[in-house]
Structure formats: structure tokens, C-alpha cells
Amino acid sequence: MKILNKIIKNKNNNENKTSKNKKDKNNNKINNTFLDGSFSDNDYLAPSYINLSNPKFLEIDNNYYCTLLIINYFREQDELILKSIIDTNINVNISIYYEKQDTYKTIRDLTYHIGNVGVDLKSNNQNRQDIDLVAFTYNDAKYIRKELQINNEELYYLYIYINTYSQDLKELEYILNKIEGIIQSKGLQTRRAYFRQEDAFRACLPLMENSKLLKEVSKRNVLTSGLIATYPFISSAIFDENGIFVGTNIYNNSLVFVDRYNTNKYKNANMCIFGTSGAGKSFYTKLLILRYRLLGIEQYIIDPEREYNILCENLNGTLLKIGPGSNTYINVFDIRQESIEDDEKGYLANKIGKLIGFFNLIFGNINEEDRAILEEKLIELYKLKGITFDDKSLFKIQDNKININPIFKESKDMPILEDFYNILAQDDKTKIFKTKLIPFIKGSLKFFNNYTNVELNNKLIVADVYELGEENLKYGMYLFTELFWDKIKKDRKIKKAIYLDEIWRLIGVTSNKDVASFIYKIFKTIRKYGGSGVAITQDISDIFSLEQGTYGKSIINNSSIKTFFSLEEENIKILEQYTNLSEKEKIEIKSLKRGECLMFVDDEHILIKIDSADFEKELIEKNK
């Protein structure tokens, strides 16, 4: 009776389970029906088809894939075995697997093997060839055991797979032959993964799947010291997270993104751009200006060759022209509120130092006595306008008191060149200076003798000094450099940049120490103001022509990023004296094509092809 009751109870339980399973299946069916036709994340990643029918390759979405297995190596490797492959522009995926072996077990097995082989070596029943082979393995085993026991080495199993692909079978065969040739020249033996293509392809995916079938073919042992030869991360690459796109690495087609304002990575944001005429340096500079304009970074360009007007117009920048035909003026005597920071003092003293540099360009290298006289006259000049070394004198006064919110004096409250000319005329000691100022007051350069009449609130300002001519360019370049330097100092939190095209005019032999020192000061201290100085020139010899190259060398040393386009051999020899160019890099610079450059980004040296989109070319090169 108890047995019967137990059977009935089990039957009821089974029926309940069956009923429950049916209910669960119905629920799953409803859920499956609901999910039918949906598109999952896996569907984004999955290929539309995979063809495994050919033992020589895989076909996935119109691409043919083939994998090479490295099955043997030189006994000793003196260089990185994968460097020659990684440095090419071949499309390859390389997977390297290391399997660490148990040291205790390895030593035990080796000891057992050495004992057995030692017995074999004493046997006289083997021919000479067999004895040599046994002796070879015997010595290897003893060497490995010694390294494990004495030098604390570890033993690993090594597997290397190289996967390549193409949309054309003939091209795939060509690529495979090329890779095999490169690999074999390094003393490595390869085998194509015929009938194992699926396993080999999966081994090259980021899935960590190294099948037993592949291991049997490609397994080789290696000590820890030997793993160094397989180090794969040897191709220079720059990919700053917040950087702008510069171009592609010529060797491996990797993308180059540089964030020169990254203070954690680079000591400063300064750049040098050197190259012969037509090498591509101007286009590259315009590309930088365009891309940083999109990021809202303030940029100021000194343009002596009228190369940036179109770009300025297309990017809605402010174009300042100074010359006989211009109607925009900048007063060289302006003292601007931003010329010193809020916690600093000395507006007039700061301005006089800059003016001495400017008049050095006009009067030639003046001696200490003449310098003192000029400074005296400048103090007198500003005093006539009510401006003294007391910074309060730079603010407008109402009812003999400074306002609660004092207003800084405007350009019309400042002296102009004619005022200075009149003061110089009153003293016999300064009449020679007065004479040299005549072209600026009454002659061809009288456009310097005006009050400032432009607002400078745009984040992109181009100073066109082309009309000044070869002899007078330095005056305009210095005038705008001083103006832009004041704007750069205005707010440390804002990113900004100043581009000095044909910088040799300011730091070369045609300039003077005061002006060159001012430019050097910009490159040395601009980092503190969130700024970037960009030196551009094709005349490398000229930037090293003043004071035996002191200022040119200082600017290069204070630039974290150096970009060299194609250069003549003479310029390369000069550059070699001030940079750490290798012999290979000297050859590369000379043979660079238009739009290609060698870039030094701190310690990284990369050959780059500058890339741009069609719309960028249109903005840079075409009028509206």
C-alpha cells in the first residue's frame, strides 16, 4: 500500500512539473515572439557571412583572410624580430601568446632528460650523426637548467600568429609573399595555416583563444631574456585623447593626434615648423589654425607674405593690414591694460623696455649712452600725457579721484610718433634720431603715426604686413608681436597661440639683441599664460645668424614640437648642430615629398603624411 501511495504521489508531482514546464515554455514562447525581429549589439559586430569552404583562406564580408604561423626562430636574437613587419604599412594583425611554465617541474624534467642523454652519449652503438644531435640537445638542456637555477630565468612557450587580409586574392598572395620574405630575412620560419584558418583567425582576435591544434604546430620554448626580442610596441605613435588630427604615420598608417596644450605630457605648447618653399609648411600651418579655430582657441598670426588672408576671411577672423594703402592703424605707444597682470605693477617701465627694442630697429644698435637718453625722452613724452611710473596715472580721473570702477586710458590718451619726434627735435643730442624718424612722420611710413582705430575682440586675428616691403617688414612684425603678446597675457585660463611666420626677420642678423630677446622671452614664458608660440621659417641659416645662433637655438630648445618638412642639404647640416637628428633622419628629411614631414614630439620622432578633408582644402585655398 505504501509503495502504491508513493507511485501516485510521484505521478502527481511529475504532472505538476509537466504543467509548470508547459507554462514556462509558453512564457518563453511569448518572450521569444516579443524579441523576434529586434536588433542586438551582437548584430552590429557580427559579419553578414563567413565562408570556410577554402582551406587556404577565410572569406568574411568580401575580405579574404590568411594567417601565417611562425614555427621556428634563430637560436639567438640580437634585435626585435617583429620591427620590420610593424614598421611597414601592410595591413596585419599580430597575436603573441606567452605561456609561463612551472619552474620546479621544468628543472625536474630537464634533469631527467640530461641523465638519459648522458647515458646515450656513452653508448657506442650510434653513428656519428646521431651522437652530434644528442650532444646538441644535451648542451641545450644543461644551458636552460643553468639559467633557471642560477640566473632566475623563467621558461615560456611562445606562439606568434600574423594575420593579413585583402579584398583581392592576387593582392593577398602578394602580401603573404612579402611578409614571408621579411620574416625569413630575420631568421624566422613561417607556415601558412592551411586547414587551420578558422582557428588561426580566432587566435588573432581579442578573444584569447589559442587552440590546441595551433599550439602543436607553432609551440617553441623561450627564456625570459629571449622574450625581449618579441616586444611589439616599437613603432612610434602619438594619439593624445584631446588632440587634433595631424596626419598618418608614413610607416604604419596609424593616426597621429597631438594635444600640444596637454601640460601633463608636454613641457610647453611651442612649435617650430621648418621647410623649403613648396614643401607644405604653409598648408600645414593653415590646417592647424583651422582646426584650432573650431575648438575656439585664440590665435594671432603675423603674416609677412599675405598667405593667410583667404583663410582669415573664410573663418570670419579679423584682418589687420598695415601699409601705405591700409586704413587700419596701431599706435606703437599704446599702453594696454592687459600688458601686465592684475597682481603686477609697472605699466610704463614695461612699455619703455618694449619701445627701446622697437627704436633699436629704426636707429640701429644703439649704445648704452644713447639708450639712456632715449629712455629719458620717453619718460618725458608720457609725462606730457599725464602718464608716469605711478600705475594710477593710467586710469581716467573724475573730480580728482579715481572712480570706484576706474577706466583705463584709451589710445587717444596716449602719445604718437609725432609727439616723440617733436621732443627729439628739442635736444641737439637727439637730432640724429629725429632725422631717422622723418619717414615715419612725413614720409612713406607715416601710417605708423596714428592712433589705434580697430577693435581686437576676435579670437582669430591676422596681421598682414606684406605692403611694408622687404626693408620695413621688421617694424610691422615687431609692432604686432608686441600687440599680440599683450593679448596673450590677458587671461591665463584661456588657450591661445601666436604664429610668427618668417621668424628669422625678428631673431636673425637683420634684427637686434633687444628684439630677439623679446621673441625669446615669448617662447620661454608663454606657457605660463596658457599660450603657444609657433615659429615658422624656410631660412634656417638666418635664424642662427645672430649672436652665433643663440636665439634660434633657444627657441628650438623651448619648443616641445618640431616639424621638419623637406630641406636642402645645407639647411640640414645647420639643423644637425642644434637638434639630435640621426643619420637616417637626415636622409629622410632631404627626400620627403610635398606634404610629408618629420615630427619631433618630445622624445618621439615620427614621419607623418599631413592629411586634410576636401572641405578643409576649400576653406584654406578658395575665396568665398
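Everything below is about the structure printed above this text.
Residues numbered from 1 in each chain as written. Predicted model: local features only at pLDDT ≥ 70, side-chain atom pairs only at ≥ 80, totals over all residues. Heavy atoms only, no water.

## A word on the overall build of the protein
For step 1, the next point in the chain: Assigned secondary structure in the protein consists of 23 helices and 20 strands.
For step 2, the next point in the chain: For the protein, the proportion of its 624 residues judged to be buried stands at 48%.
For step 3, the next point in the chain: Excluding contacts between residues fewer than 6 apart, the proportion of contacts in the protein whose partners are at least 24 apart in sequence is 73%.
For step 4, the next point in the chain: When the accessible area of the protein is evaluated, it comes to approximately 33700 Å², of which 48% is carbon and sulfur surface. (Helix = DSSP H or I, 4+ residues; strand = E, 2+ residues; numbered from the N terminus. Buried < 20%, exposed > 50% of the residue type's maximum accessible area, 1.4 Å probe, protein only. Contact = heavy atoms within 4.5 Å. Areas by Shrake-Rupley, 256 points an atom, 1.4 Å probe, with all protein chains shown as cover.)

## So, the packing of aromatic side chains
For step 1, the next point in the chain: Considering all chains together, one arrives at 30 aromatic pairs under this definition.
For step 2, the next point in the chain: The interplanar angle of 35 degrees and the centroid separation of 6.0 Å between the aromatic rings of Phe274 and Phe564 together place this pair among those described as tilted. Here Phe274 is found in strand β10 (residues 271-274), whereas its partner Phe564 is found in strand β18 (residues 561-564), with 290 residues between them in sequence.
For step 3, the next point in the chain: On the basis of relative accessibility, which here comes to 1%, the residue Phe274 falls in the buried class.
For step 4, the next point in the chain: Classification of Phe564 as buried rests on a relative accessible area of 0%. (Phe/Tyr/Trp six-rings, centres within 6.5 Å; stacked < 30°, edge-to-face > 60°.)

## Observations concerning the sheet that holds β10
For step 1, the next point in the chain: Within the open sheet, the eleven strands sit side by side as β9-β8-β20-β19-β18-β10-β17-β16-β11-β15-β12. Their pairing is mixed. Unpaired on one side and paired on the other, β9 (255-258) and β12 (318-321) mark the two borders of the sheet. On average, each strand axis in the sheet is inclined to that of its neighbour by 25 degrees, with strand direction left out of account.
For step 2, the next point in the chain: Of the strand pairs in this sheet, strand β16 (residues 496-501) and strand β17 (residues 531-537) are connected by six bridges, and their pairing is parallel. Its bridge partner being in β17, Lys496 is matched across the sheet by Gly531. (Pairing = 2+ DSSP bridges. Axes fitted to C-alpha atoms, helices over the stretch in contact; angles between N-to-C directions.)

## Overview of the pattern of salt bridges
For step 1, the next point in the chain: Going through the model one piece at a time under the given rule, you end up with 30 salt bridges.
For step 2, the next point in the chain: Note that Glu180 and Arg192 form a salt bridge whose closest N and O atoms lie 3.0 Å from each other. Residue Glu180 is found in helix α6 (residues 169-185), and its partner Arg192 is found in strand β6 (residues 189-192); the two are separated by twelve residues along the sequence.
For step 3, the next point in the chain: We classify Arg192 as buried; its relative accessible area is 14%.
For step 4, the next point in the chain: Here Glu467 ties to Arg306 by a salt bridge, and the two come within 3.4 Å at their closest N and O atoms. Remark: Arg306 occurs in the loop between β11 (298-303) and α11 (309-314) and Glu467 occurs in the loop between β15 (460-464) and α16 (469-488); sequence separation between them is 161 residues.
For step 5, the next point in the chain: A single network of salt bridges, built from pairs that share partners, joins Arg336, Lys351, Lys354, Glu482 and Asp486. (Salt bridge = Lys/Arg side-chain N within 4 Å of Asp/Glu carboxyl O.)

## Re the pairing of strand β5 (residues 155-166)
For step 1, the next point in the chain: Where burial is concerned, most of β5 is hidden: ten out of the twelve residues are buried.
For step 2, the next point in the chain: Pairing analysis gives seven bridges linking strand β3 (residues 63-72) to β5, with the strands arranged antiparallel. By the bridge assignment, Leu69 is partnered in β5 with Tyr161.

## Brief notes about the packing of helix α12 (residues 347-363) against α16
For step 1, the next point in the chain: The N-to-C vectors of α12 and α16 enclose an angle of 165 degrees; their axes lie 9 Å apart at closest approach. Accordingly, the angle class assigned to the pair α12 and α16 is roughly antiparallel. Two packed elements cross with a definite hand, and for α12 against α16 that hand is right-handed. From α12, Lys351, Lys354, Gly357, Phe358, Leu361 and Ile362 reach across to α16, where they touch Lys474, Tyr475, Tyr478, Glu482, Trp485 and Asp486. (Parallel < 35°, antiparallel > 145°, perpendicular 65-115°, else oblique. Left-handed = near helix turned anticlockwise from the far one by under 90°.)

## Considerations on the pairing of strand β19 (residues 596-601)
For step 1, the next point in the chain: In terms of burial, β19 is a largely internal element, six of the six residues being buried.
For step 2, the next point in the chain: Neither face of β19 is exposed, since Glu596, Leu598 and Phe600 on one face and Cys597, Met599 and Val601 on the opposite face are all buried.
For step 3, the next point in the chain: Relative to β19, β18 is paired through four bridges, and the arrangement is antiparallel. Counterpart to Ile561 in the pairing with β19 is Val601.
For step 4, the next point in the chain: Relative to strand β20 (residues 604-610), β19 runs antiparallel, the two sharing six bridges. Pairing of Phe600 across the sheet is with His605, part of β20.
For step 5, the next point in the chain: Count of turn residues in the β19/β20 antiparallel hairpin: two residues, of which Asp602 carries a positive phi of about 55 degrees.

## Looking at the side chain of Lys586
For step 1, the next point in the chain: For Lys586, the position within the fold is in helix α22 (residues 583-590).
For step 2, the next point in the chain: Classification of Lys586 by relative accessible area gives buried; the value is 13%.
For step 3, the next point in the chain: Within the local environment of Lys586, its side chain forms a polar contact with the side chain of Glu576, the two groups lying 2.7 Å apart.
For step 4, the next point in the chain: Non-local contacts of Lys586, meaning those with residues more than four positions away in its chain, are made with Ile572, Glu576 and Leu581. (Polar contact = N/O pair within 3.5 Å; in protein donor to acceptor, adjacent residues only side chain to side chain.)

## Focus on the environment of Gly275
For step 1, the next point in the chain: Within the fold, Gly275 resides in the loop between β10 and α10 (281-294).
For step 2, the next point in the chain: For the pair Gly275 and Ile540, spaced 265 residues apart in sequence, the C-alpha separation works out to 8.5 Å.
For step 3, the next point in the chain: Non-local contacts of Gly275, meaning those with residues more than four positions away in its chain, are made with Lys281, Thr537, Gln538, Phe565, Ser566 and Leu567.

## Comments concerning α12
For step 1, the next point in the chain: Its 17 residues place the ends of α12 24 Å apart at the C-alpha level, agreeing with the 24 Å of an ideal helix rising 1.5 Å per residue.
For step 2, the next point in the chain: Phi turns positive one or two residues past the end of α12, at Gly364, with a value near 90 degrees. (Expected span 1.5 Å × (residues − 1).)

## Some words on the packing of helix α14 (residues 417-425) against helix α15 (residues 431-441)
For step 1, the next point in the chain: Contact geometry of α14 with α15 gives a least axis separation of 9 Å together with a crossing angle of 155 degrees. Looking at the two axes, α14 sits roughly antiparallel to α15. Crossing of α14 over α15 shows left-handed handedness. Contacts between α14 and α15 involve Leu417, Glu418, Phe420, Tyr421, Leu424 and Ala425 from the former and Lys431, Phe433, Lys434, Leu437, Ile438, Phe440 and Ile441 from the latter.

## A look at unusual backbone geometry
For step 1, the next point in the chain: Positive phi, normally seen in glycine, also occurs at Asn62, with a value near 70 degrees.
For step 2, the next point in the chain: Mapped onto the elements of the fold, Asn62 is located in the loop between β2 (58-60) and β3.
For step 3, the next point in the chain: Residue Asn316 is not a glycine yet carries a positive backbone phi of 55 degrees.
For step 4, the next point in the chain: Here Asn316 is to be found in the loop between α11 and β12.
For step 5, the next point in the chain: Assessed through its relative accessible area of 53%, Asn316 is described here as exposed.

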